[in-house]
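Results of the structural survey
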Amino acid sequence: MRKIGIIGGTTPESTCYYYRKYIEISREKFEKYVYPELIIYSINFKEFFQDPEGWEGRKRILINAAKALERAGAELIAFSANTPHIVFDDVQKEVNVPMVSIIDAVAEEVKRRGVKKVLLLGTKTTMTADFYINALREKGLEVVVPNDEEKEELNRIIFEELAFENLKSKDWIVNLIEKYAKEEGIEGVILGCTELPLAIKQGDVSIEVFDSAEIHMRKLIELASQD
């Protein structure tokens, strides 16, 4: 099996969730005690989040982490977060091993389940910038995002609550999803922030739930186990 390298720490809670899914999926797919080799590089989230150069500075942090994973023997590399995919292509250019996109993995799963119209939830950047929405639309999906006020509140919940495993706003998120299911006819919701699955699971709402972290880890393990 190929060694998986994960750039984590964005946030530590979502990185822990990735690792839990890594264990669950490995136990589901392989015989007892078999797990693909996994290397995690956990960055300092404060330095990343508050970098004075914005995404140029954050990109350098991610490139350094990816290169460190490559030196450590990683044969596949991934971000354990959605928002950093805004610089995914730039980071991929700096390493010689393939990187696995969470956006591609999610789009593939959405189409596999036969869903065409989705609500995209995530950080304000993920819901506002073009990189995620356009990538989904290019794959033939119809994408809806919350209004500006809802984006601000969801962003606050992610960074002030879910990043610390505080689930007190779960009902607010559920009501937001159900609102768009009723008013916009969405067929599924993409949890496009890897903290959101801490609060929302399949069955919590009336439509399909796409857990980006679980989908991503399944794709990583699938690729790692290919001959």
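Figured I'd write up the structure that's included with this text.

The rules behind the values
- Residues numbered from 1 in each chain as written.
- Predicted model: local features only at pLDDT ≥ 70, side-chain atom pairs only at ≥ 80, totals over all residues.
- Heavy atoms only, no water.
- Pairing = 2+ DSSP bridges.
- Helix = DSSP H or I, 4+ residues; strand = E, 2+ residues; numbered from the N terminus.
- Axes fitted to C-alpha atoms, helices over the stretch in contact; angles between N-to-C directions.
- Contact = heavy atoms within 4.5 Å.
- Salt bridge = Lys/Arg side-chain N within 4 Å of Asp/Glu carboxyl O.
- Buried < 20%, exposed > 50% of the residue type's maximum accessible area, 1.4 Å probe, protein only.
- Core = buried A, V, L, I, M, F, W, Y, C linked by side-chain atoms within 4.5 Å.

**Observations regarding the sheet that holds strand β4 (residues 117–121)**
Spatially, four strands are ordered β5-β4-β6-β7 in an open sheet, and the strand pairing comes out parallel. Either end of the sheet is taken by a strand with one partner, and the two such strands are β5 (142–144) and β7 (208–211). Here the average twist between neighbouring strands, direction ignored, is 30°. Direction of pairing for strand β6 (residues 188–191) relative to β7: parallel, over a ladder of four bridges. Looking at the pairing, I190 lines up with F210 of β7. Sitting on the sheet, helix α9 (residues 170–184) touches β4, β5 and β6, and the angle it makes with β4 is about 150°.

**Section: the sheet that holds strand β3 (residues 76–79)**
The parallel open sheet is built from three strands, whose spatial order is β2-β1-β3. Each having just a single partner strand, β2 (38–42) and β3 make up the two edges of the open sheet. Across the sheet, the axes of successive neighbouring strands diverge by a mean angle of 20°, strand direction being ignored. Taken together, the four bridges between strand β1 (residues 4–8) and β3 define a ladder with parallel strand orientation. Counterpart to I4 in the pairing with β3 is L76. Strands in contact with helix α3 (residues 55–71) are β1, β2 and β3; relative to β1, the strand with the most contacts, it is inclined by about 155°. Packed on one face of the sheet, helix α10 (residues 212–224) meets β1 and β3 and runs near 175° to β3.

**Re unusual backbone geometry**
Residue T10 is joined to T11 through a cis peptide bond whose omega torsion reads 10°. Considering the arrangement of structural elements, one finds T11 in the loop between β1 and α1 (12–29). With a phi close to 75°, Y33 is a non-glycine residue in the positive phi region. Residue placement: Y33 occurs in the loop between α1 and β2.

**Observations concerning the environment of K179**
Along the chain, K179 falls in helix α9. Leaving out residues up to four positions away in the same chain, K179 has contacts with N147, E150 and E184.

**What to know about the side chain of S14**
If you trace the backbone, S14 turns up in helix α1. Ignoring any residue separated from it by four or fewer positions in sequence, one finds S14 in contact with S80, T194 and E195.

**Topic: the pattern of salt bridges**
Using the criterion set out here, one finds 22 salt bridges in the structure. With a shortest N-O distance of 3.5 Å, K59 and D90 are connected by a salt bridge. Of the two residues, K59 sits in helix α3 while D90 sits in helix α4 (residues 88–92), which places them 31 residues apart along the sequence. Residue class for K59 comes out buried when judged on its relative accessible area of 15%. The exposure class assigned to D90 is partly exposed, which follows from its relative accessible area of 29%. For E150, the salt bridge identified is with K179, shortest N-O distance 2.5 Å.

**Details of the nonpolar core**
The biggest cluster of nonpolar side chains holds 36 residues, and the ones touching the most others in it are V110, Y132, L136, I190 and M217. By residue number, the principal contributor to this core is α10, which donates seven residues. Aside from chain neighbours lying at most four places away, what touches V110 is V115, V118, L141, I190 and F210. Listed in part, the 24 residues of the second largest apolar core include L119, I158, Y180 and C193.

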